[in-house]
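Understanding the architecture of this molecule
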Amino acid sequence: MTDAAVFSPAQRVRAIHVSEILRITDHAQALKRAGRPVIVLGAGEPDFDTPENIRHAASQAIARGDTRYTVLDGSPAMKAAVQLKFKRDNALDFALDEISVSAGAKQVIFNALMASLNPGDEVILPAPYWTSYADIVQICGGVPVSVACGEENGFRLTATQLQAVITPRTRWLFLNSPSNPSGAAYSAAQLKPITDVLLDHPHVWVLADDIYEHILYDGLAFATPVAVEPRLRERTLTVNGVSKAYAMTGWRVGYGAGPRALIAAMAVVQSQSTSCPSSVSQAAAIEALTGPQAIVAERCASFQQRRDVVVAALNRTPGLHCRVPEGAFYTFASCAGVLGKRTASGALLQTDSDFCRYLLQDFEVAVVPGSVFGLAPYFRISYATSMAQLEEACARIAAACAALS
């Protein structure tokens, strides 16, 4: 009997692991299955059901037999729905061959980088950033360049910071507004200095991740780079999807719009990976984008109420400080004031990861450390869950901080 062959992973994935957010969430869910009353505030997933009209559209698609392959990167009807959305919501005009539809916004981003990065190309990531950005860049052969965007500027990139990190190797700048994990959003006036810098560097492309576009608070108007500076149109990919605004995370439909050459190259990548998105999911997404939109604003108002409760509770807790986010459904709170303290068992809290581990193990609340997103010492709470769960979780966090010495 011969020894089993030892698997050796490809170099491109050796330094990359399964998303830390998913790992923390999976661990917390395992504790719940074991009977512990864990409150999971890790996943970026709305707790609402997909609206009934969207589910009905999917059922109708199944009933009429729309269950076969569609065009590789989105059916004509799906692309027309995306086209309409950009005109209606952003005053942007895209031809159908400037639109790509994939199995989630994450795949749109992956396709774009796989189609455009050469080994050593740099991608600027304002931190805190969604953890998958850096891993996707590395898998595609690029070099993530993290830029710490501190709380003093609302976790937003400044024009001065951008100018300082652009090099001849820079290929992309990522802008995510409203942001995961900070909830920070850029107004048009705040984006303009950024776009002005980009005009001076024609080799730098922009990936605008607008997935939280419709979850924006306090009357703030949404702004996207191409609408702010149309001269960037031929080197910008605007990414969006139906998962967050329409509570369609499991349907797996995302889309992007940009220059034809990029979209065509992305189609090549997709043709050799997933091929077309689900036909039934596309039917549902068409209804989401073209059907009644009132429920989006209603749910946004509910998220804002939850935000206000969580932010107030965190700011009442000694050792914690939480900036008020402009959008998305996350808080990104500083835990610097509890570091250096000890738990009841004598453990020293030295990092935000230590603090988050303590919350889960001793007080059964699962949150994500800011270091996962490239900026410490913070922790992210997803408040896309019920008010009752949020109030209980905040009470437990307050008790956890009070128990430190």
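Labelled according to an unreviewed UniProt entry, the protein chain appears under the name Aminotransferase, originating from Variovorax boronicumulans. In the Sequence similarities (unreviewed entry) part of its UniProt record, the protein chain is described as follows: "Belongs to the class-I pyridoxal-phosphate-dependent aminotransferase family." Heading Cofactor (unreviewed entry) of the UniProt record for the protein chain holds this comment: "pyridoxal 5'-phosphate".

It is worth spelling out the overall build of the protein chain at this point. A count of helices and strands for the protein chain gives 13 helices and 13 strands. Here the C-alpha radius of gyration of the protein chain, 22 Å, is about what a compact globule of 405 residues would show, namely 22 Å. Taken over the C-alpha atoms alone, the protein chain extends approximately 70 × 60 × 55 Å along its principal axes. Expressed as a percentage of its 405 residues, the buried residues of the protein chain come to 54%.

A few words on the sheet that holds strand β3 (residues 122–127). In spatial order, the strands read β2-β8-β7-β6-β5-β3-β4; together these seven strands make up an open sheet with mixed pairing. Both edges of this open sheet fall to β2 (99–102) and β4 (143–148), since each of them pairs with a single strand only. Adjacent strand axes in the sheet meet at a mean angle of 20°, parallel and antiparallel pairs treated alike. Seen against the sheet, helix α9 (residues 260–271) touches β2, β5 (170–176), β6 (205–209), β7 (236–241) and β8 (254–257) and runs at an angle of roughly 25° to β2.

Bringing the packing of helix α3 (residues 76–90) against helix α10 (residues 279–290) into the picture now. Look at α3 against α10: their axes get within 9 Å of each other, and the N-to-C directions meet at 20°. With respect to each other, α3 and α10 are oriented roughly parallel. Seen from above, α3 lies across α10 with left-handed handedness. Within the contact between the two elements, α3 uses A77, M78, A81, V82, L84, K85 and R88 and α10 uses Q282, A285, I286, L289 and T290. Here the contact of α3 with α10 is built from residues that sort into eight nonpolar, two polar and two charged.

Within the fold, P144 resides in strand β4. Excluding anything up to four places from it in sequence, P144 contacts V123, L125, A134, V137 and Q138.

In a regular helix each residue adds 1.5 Å, so 12 residues correspond to 16 Å; α10 covers 17 Å between its end C-alpha atoms and thus fits that length. With nine of 12 residues buried, α10 is to be regarded as a mostly interior element. Burial in α10 covers these residues: S279, V280, S281, Q282, A283, A284, A285, A288 and L289. Against the buried residues of α10 lie α2 (52–63), α3 and β8. You can read the cap of α10 off the contacts: a side-chain oxygen lies 3.3 Å from the backbone nitrogen of V280, and it is on S278.

With 72 residues, the main nonpolar core has L237, F355 and F379 as its most contacted residues. If near-sequence neighbours (up to four positions away) are discounted, F355 is found in contact with L320, C335, V338, L349, F379 and C401. If you look at the next biggest cluster of nonpolar residues, it comprises 24 residues, including I99, M248, A257 and V296.

Right, let's talk about the pairing of strand β13 (residues 378–382) for a bit. Counting buried positions along β13 gives five out of five residues, so the element sits mostly inside the fold. Burial of β13 is two-sided: the residues Y378, R380 and S382 facing one way and the residues F379 and I381 facing the other way are all buried. Where strand β10 (residues 330–334) lies against β13, five bridges are found, and the strand directions are antiparallel. Considered in β13, the bridge of T331 is made with I381.

Rules used throughout
- Residues numbered from 1 in each chain as written.
- Predicted model: local features only at pLDDT ≥ 70, side-chain atom pairs only at ≥ 80, totals over all residues.
- Heavy atoms only, no water.
- UniProt positions renumbered as here; feature names shortened; annotations may be inferred.
- Helix = DSSP H or I, 4+ residues; strand = E, 2+ residues; numbered from the N terminus.
- Rg over C-alpha atoms; globule rule 2.2 N^0.38 Å.
- Buried < 20%, exposed > 50% of the residue type's maximum accessible area, 1.4 Å probe, protein only.
- Pairing = 2+ DSSP bridges.
- Axes fitted to C-alpha atoms, helices over the stretch in contact; angles between N-to-C directions.
- Contact = heavy atoms within 4.5 Å.
- Parallel < 35°, antiparallel > 145°, perpendicular 65-115°, else oblique.
- Left-handed = near helix turned anticlockwise from the far one by under 90°.
- Nonpolar A, V, L, I, M, F, W, Y, C, P; charged D, E, K, R; others polar.
- Expected span 1.5 Å × (residues − 1).
- Polar contact = N/O pair within 3.5 Å; in protein donor to acceptor, adjacent residues only side chain to side chain.
- Core = buried A, V, L, I, M, F, W, Y, C linked by side-chain atoms within 4.5 Å.

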